[in-house]
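# Report on the structure
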Amino acid sequence: MAINNVMVIGAGQMGAGIAQVCAQSGFNVLLHDRDKNALQAGINGIEKLLARNVEKKRLTKEEKATTLGRLTPSHTLEDAATCDLIIEAVVENMDVKSAVFKEVDTHAPKHAILASNTSSLPITEIAAETKRPDQVIGMHFMNPVPVMKLVEIIRGLQTSDETYETIQMMTVQLSKTPVEVKDFPGFVSNRILMPMINEAIYTVYEGVATPKDVDQVMKLGMNHPMGPLTLADFIGLDTCLYIMEVLHEGFGDSKYRPCPLLRQYVKAGWLGKKSGKGFYEYS
C-alpha cells in the first residue's frame, strides 16, 4: 500500500519531530493536537529547527519552504479521513492512547494504518480498541527524532505482514533504520535501558556514589555519550517511573521494581529537565 498522507497526533517534542521528518521526506503531514497552544508551539518548534539547519547549511531555504508547505495544522481528529497513515504520539498512558485509537478508527479510511509511538505499552492491547487490529502497529521513534536513526517497529498479535512491510518501507523512506520487535513490555530499547537507569538510581539511593560520579563512570568507563542519570532527567523521571511500572507489571519480576528514590522524586515534582530539577538542576 502506498502512503502519501500522514496524520501525527500529539504536537509535543516527539510528535513534532515525527511530523518534521515525514514532511522532509516528501509526505503530506497533518499535525494534530487538541490543545491549540501546544499545536502552535509544535509548528513553531519545527520552523525553528528548520531555520537552524538552513543557518548550518544542512538545508536550503527552498527545502525549508517545501517542507513547511507539506505541513498543515489539524484541530480535529476527523481530518484522519484523508490519511493513509495515522501516527499517535500522545502521553505514555494506556487509557489516553486507547481513547485516541478508538476515536481515530471511526474516522480513518478502511485502508489506513494506525501506528503508535509508544515506548513500552502493548500494541496488541491498543489494537483491540479498533476494528482493524491487523492494521495497527508500533513505530517507536527515538528522541530527538530528526537526529536519531532507529525506529523500533512492533508487531501486535494480529498485525499483518502487509502492514509491517508497508511501515518498514516507509521507515527507510524517512532515512531511518527499522528494527522488527515482538510485542513484549518495553520492547528492546526500554527493556534494556530503563533497568540500567533504575539501577543507577539505586546506586545513588544506597549511597554508593553521587549522580555526577555515577554518570562519569558510565561515560568514561563504558563509553556512553551521556550518563544514565542525565539521560533520565532528559527523558523525564515520571516517564522513567511509568515505564518501570509497565515492565514490573508485565513481567512480574522483582528485578524491574522501581527504585523508591525515583518514586520520591516524581512525587516531589522533580521530573528532570522539564521541571527544572531532577538529579541535576536546570536553569
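In the annotation of an unreviewed UniProt entry, the entry for the chain reads 3-hydroxybutyryl-CoA dehydrogenase, and the organism field reads Oceanobacillus profundus. Listed in UniProt under the heading Pathway (unreviewed entry), the comment for the chain reads: "Lipid metabolism; butanoate metabolism." Of the chain, the UniProt comment under Sequence similarities (unreviewed entry) reads exactly: "Belongs to the 3-hydroxyacyl-CoA dehydrogenase family."

## Points about the domain arrangement of the chain
Considered domain by domain, the chain is made up of domain 1 (5-182) and domain 2 (189-274). On a C-alpha basis, the centres of domain 1 and domain 2 stand 27 Å from each other. If you look at the interface, domain 1 gives nine residues, while domain 2 gives five residues. When domain 1 packs against domain 2, the two sides together hide about 560 Å² of surface, and 52% of this comes from carbon and sulfur. Its largest share of buried area at the contact with domain 2, domain 1 owes to Glu92, Ser119 and Ser120, together 55% of the area lost on that side. Our count for the domain 1 to domain 2 interface comes out at three residue pairs in polar contact (both at pLDDT 80 or more). Across the side of domain 1 that touches domain 2, the residue classes tally to three nonpolar, four polar and two charged.

## Some remarks on the UniProt feature "binding site: NAD(+)" (unreviewed entry) in the chain
Per the UniProt entry, the sites bearing "binding site: NAD(+)" (unreviewed entry) are Gly10, Ala11, Gly12, Gln13, Met14, Gly15, Asp33, Glu92, Lys97, Ser119, Asn143 and Lys274 in this numbering. Mapped onto the elements of the fold, alanine 11 is located in the loop between strand E1 (5-9) and helix H1 (13-24). For alanine 11, a relative accessible area of 6% puts it in the buried group. Leave out the neighbours within four places in its chain, and alanine 11 touches Ala16, Leu31, His32, Asp33, Ala38, Leu39 and Gly42. Here glutamate 92 lies in the loop between strand E4 (85-88) and helix H4 (94-107).

## What to know about the environment of threonine 66
Take threonine 66: it is sitting in helix H3 (residues 61-69). Considering only alpha carbons, one finds threonine 66 and alanine 200, 134 residues apart in sequence, at a separation of 44 Å.

Reading the values: the criteria
- Residues numbered from 1 in each chain as written.
- Predicted model: local features only at pLDDT ≥ 70, side-chain atom pairs only at ≥ 80, totals over all residues.
- Heavy atoms only, no water.
- UniProt positions renumbered as here; feature names shortened; annotations may be inferred.
- Domains from an automatic or database assignment.
- Contact = heavy atoms within 4.5 Å.
- Buried area = accessible area lost by both parts, 1.4 Å probe.
- Polar contact = N/O pair within 3.5 Å; in protein donor to acceptor, adjacent residues only side chain to side chain.
- Nonpolar A, V, L, I, M, F, W, Y, C, P; charged D, E, K, R; others polar.
- Helix = DSSP H or I, 4+ residues; strand = E, 2+ residues; numbered from the N terminus.
- Buried < 20%, exposed > 50% of the residue type's maximum accessible area, 1.4 Å probe, protein only.

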